[in-house]
Amino acid sequence: SQSVKEKIRPLMADEITPANEYVKRDVSCMRNVGSTSLELKDLKISLQTTEGEICELERYDTSAKFAASVLEGKHLMMMGDSLTRYQYLNLVYFLENNNYTSPYPSQVNEKHFTGWDNFYGITNQRLHGHEACDCYRLTTSKKNIFENRYYFNPETNVRITFIQWLGPDGVRYHNDYMRLAKSADTFGSAQNMCIPSNCSKQIEPFTEVMPFSISDKDLKLLRPDFIVANCGFWKICGSEAEIKGLARWAFRVLHKFGFKQRNFIWKQNTVNFDERVYPDFSNLFNTTNARVLPSQNITKPFYDLVMPPEGKNATLQVNEVYNDVL
């Protein structure tokens with residue numbers, strides 16, 4: 001068989017296999033595994049089957065170029081609080097820079113910045129003019145916060161939108177800004193309408209509603225192919241009836257533009273260190289044709305690995321283990 005070294009060389013364009021084929025092959029390989037040889041240093045993974053044969057997992061193409069080809073011509077809309085904001089920022093930074101990790105100050109930690117205006121400005125600048133940031137936050141009042149980010153790269157034809165959803169306080173956005181940001185021809189005009197951190201309530205008109213009450217007029221502007229929603233770290237992000245209303249709204253939106261209900265993805269919260277229990281409506285969405293991204297199941301093993309003994313500094317423990325993983 002081919003050596004592991006050959007197996008992990010970069011993929012050529014004509015060698016890229018659809019993701020579902022990777023999954024089928026990998027699952028088939030792993031079903032019959034008897035023992036595993038894992039060499040992290042050289043990123044080598046070979047698995048020995050119960051019959052004594054060596055089967056090796058194929059390498060995925062993890063480049064930004066390939067990710068952009070998957071998203072080309074589509075609009076991914078993400079709704080949530082800071083948890084979703086950072087996943088949005090992480091994704092668009094990767095698409096722009098082929099690297100998930102930004103230099104200091106971190107793209108995904110507002111505490112590294114001198115204030116919200118500094119955070120909005122730098123995180124926006126790092127996207128090379130491909131983001132319009134309807135952003136304002138100079139007070140602690142959630143009634144006077146705007147953070148809606150519209151990413152569009154004309155070279156890759158990738159469009160990703162982050163709409164901030166602050167639990168029971170709903171969503172808040174400037175109507176004209178959204179209208180300008182959603183058209184390739186007027187994207188620059190949205191950027192000139194107000195610079196990041198200056199898009200306050202003084203700019204009218206603006207809309208304050210719960211997510212499932214966004215008007216059809218505004219939805220026509222957004223026209224999402226996929227909707228990812230997460231209520232984040234809120235003890236109350238809506239009643240069960242309101243969350244059902246969100247699901248119905250998402251299905252209606254997707255159907256309106258010719259997309260399937262399964263293009264709506266409800267994302268669970270990642271496991272958090274304070275172990276507080278947050279509402280999770282996965283069961284509600286499991287009974288529909290929506291998809292559930294089981295973030296809790298994905299992150300729980302890492303949480304168990306780095307959870308410090310009682311009395312030890314959690315941040316230090318996490319950093320030690322995280323550096324070892326890297």
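We now turn to the structure provided with this report.

The rules we used
Residues numbered from 1 in each chain as written. Predicted model: local features only at pLDDT ≥ 70, side-chain atom pairs only at ≥ 80, totals over all residues. Heavy atoms only, no water. Helix = DSSP H or I, 4+ residues; strand = E, 2+ residues; numbered from the N terminus. Buried < 20%, exposed > 50% of the residue type's maximum accessible area, 1.4 Å probe, protein only. Areas by Shrake-Rupley, 256 points an atom, 1.4 Å probe, with all protein chains shown as cover. Salt bridge = Lys/Arg side-chain N within 4 Å of Asp/Glu carboxyl O. Pairing = 2+ DSSP bridges. Axes fitted to C-alpha atoms, helices over the stretch in contact; angles between N-to-C directions. Contact = heavy atoms within 4.5 Å. Nonpolar A, V, L, I, M, F, W, Y, C, P; charged D, E, K, R; others polar. Polar contact = N/O pair within 3.5 Å; in protein donor to acceptor, adjacent residues only side chain to side chain. Disulfide = S-S within 2.5 Å.

### Notes on the overall build of the protein chain
- If you tally the helices and strands in the protein chain, you get 12 helices and 12 strands.
- Buried positions account for 43% of the 326 residues belonging to the protein chain.
- If you sum the accessible surface of the protein chain, you get close to 17900 Å²; carbon and sulfur atoms cover 52% of it.

### Looking at the pattern of salt bridges
- Applying the stated criterion across every chain, the model contains 8 salt bridges.
- Here Glu-110 makes a salt bridge to Arg-85, at a shortest N to O gap of 3.8 Å. Taken together, the residues Glu-110 in the loop between helix H4 (82–97) and helix H5 (116–125) and Arg-85 in helix H4 connect sequence positions 25 residues apart.
- For Glu-110, a relative accessible area of 25% gives the class partly exposed.
- Linking Glu-208 and Arg-172 is a salt bridge whose minimum nitrogen-to-oxygen distance equals 2.7 Å. One end of the pair, Glu-208, is in strand E9 (residues 206–209); the other, Arg-172, is in strand E8 (residues 171–174), and 36 residues separate them in sequence.
- Given a relative accessible area of 37%, Glu-208 falls into the partly exposed group.
- Judged by relative accessible area, Arg-172 falls into the buried class, the value being 4%.
- By sharing partners, the salt bridges in this structure join Arg-85, Glu-110, Glu-131, Glu-147 and Arg-149 into a single network.

### Let's talk about the pairing of strand E11 (residues 264–267)
- With burial as the criterion, each face of E11 is covered, one bearing Phe-264 and Trp-266 and the other bearing Ile-265 and Lys-267.
- As paired strands, E11 and strand E12 (residues 291–293) are joined by 3 bridges and run parallel to one another. Within E12, the residue paired with Lys-267 across the bridge is Leu-293.

### Observations regarding unusual backbone geometry
- The omega torsion across Tyr-104 and Pro-105 is -5°, close enough to zero to call that bond cis.
- Along the chain, the position of Pro-105 falls in the loop between H4 and H5.
- Glu-204 connects to Pro-205 through a cis peptide bond whose omega is -5°.
- Here Pro-205 shows up in the loop between helix H7 (187–193) and E9.

### What about the pairing of strand E10 (residues 226–229)?
- As judged from the 4 bridges shared by strand E4 (residues 75–80) and E10, these two strands associate in the parallel manner. If you follow Leu-76 over to E10, its bridge partner there is Phe-226.
- The pairing of E10 with E11 spans 3 bridges and is classified as parallel. From the neighbouring strand, Ala-229 faces E11, where its bridge partner is Trp-266.

### Quick notes on the packing of H4 against H5
- Interhelical geometry of H4 versus H5 gives an angle of 30° and a closest axis separation of 12 Å. In this structure, H4 uses Arg-85, Tyr-86 and Leu-89 to contact H5, whose residues at the interface are Trp-116, Phe-119 and Thr-123.
- When grouped by side-chain class, the residues that make up the contact of H4 with H5 number 4 nonpolar, 1 polar and 1 charged.

### Remarks on the side chain of His-130
- Position of His-130 among the secondary structure elements: in the loop between H5 and strand E5 (131–136).
- Here Asn-153 takes part through its side chain, which lies 3.4 Å from a polar atom of the side chain of His-130.
- The contacts of His-130, once residues within four sequence positions are left out, are Glu-96, Tyr-150, Tyr-151, Phe-152, Asn-153, Pro-154, Phe-187 and Gln-191.

### Points about the state of the cysteines
- Counting across every chain of the model gives 2 disulfides.
- A sulfur-sulfur distance of 1.9 Å marks the disulfide that ties Cys-133 to Cys-135. Across the S-S bond linking Cys-133 and Cys-135, the dihedral sits near -90°, which makes this disulfide left-handed.
- Covalent S-S linkage joins Cys-194 and Cys-199, the inter-sulfur distance amounting to 1.9 Å. In this structure, the disulfide formed by Cys-194 and Cys-199 twists by about 100° around the S-S bond and is classed as right-handed. We note that Cys-194, like Cys-199, is buried.

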